[in-house]
Amino acid sequence: MKMMDCIEIIVEKEKYAKNGVHKGMQGWICLDDCTDGYWLVNFPQCGEKDDVAEISINEKDMITIPAMNAEINEKIKEMFGE
């Protein structure tokens, strides 16, 4: 993985959920550096809305995808009542 790669979360974990990030959400890697297997990932929403979060995600908990769709993040966020 590398900076600007699009990713999708493949697990539901409490440590991500407390920041509003859930399985299926999509984001992009913000930095070139991986620290102890974790990448800093930004999870945007559409338009001018604030980002869902910008948090460190374990490389094992995500997959790279060809393109990101912020609408998915909004739909998942609604499912969790956030």
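In what follows, the structure referred to is the one given above.
This structure is a prediction, so every number in the text was calculated from the model and none was measured. (Residues numbered from 1 in each chain as written. Predicted model: local features only at pLDDT ≥ 70, side-chain atom pairs only at ≥ 80, totals over all residues. Heavy atoms only, no water.)

1. Quick look at the overall build of the protein
Here is step 1 of the chain: Within the protein one finds two helices and five strands.
Here is step 2 of the chain: What you see for the protein is a C-alpha radius of gyration of 12 Å, in line with the 12 Å of a compact globule of 82 residues.
Here is step 3 of the chain: By principal-axis analysis of the C-alpha atoms, the protein measures approximately 30 × 25 × 20 Å.
Here is step 4 of the chain: Across the 82 residues that make up the protein, the buried fraction comes to 40%.
Here is step 5 of the chain: Within the protein, counting contacts between residues at least 6 apart in sequence, those at least 24 apart form 54% of the total.
Here is step 6 of the chain: Looking at the protein as shown, the accessible area adds up to about 4900 Å², and 50% of this sits on carbon and sulfur atoms.
Here is step 7 of the chain: Across the protein, the mean location of the 9 positive side-chain charges is 6 Å away from that of the 17 negative side-chain charges. (Helix = DSSP H or I, 4+ residues; strand = E, 2+ residues; numbered from the N terminus. Rg over C-alpha atoms; globule rule 2.2 N^0.38 Å. Buried < 20%, exposed > 50% of the residue type's maximum accessible area, 1.4 Å probe, protein only. Contact = heavy atoms within 4.5 Å. Areas by Shrake-Rupley, 256 points an atom, 1.4 Å probe, with all protein chains shown as cover. Lys, Arg positive; Asp, Glu negative; His and termini not counted. Charge placed at Lys NZ, Arg CZ, Asp CG, Glu CD.)

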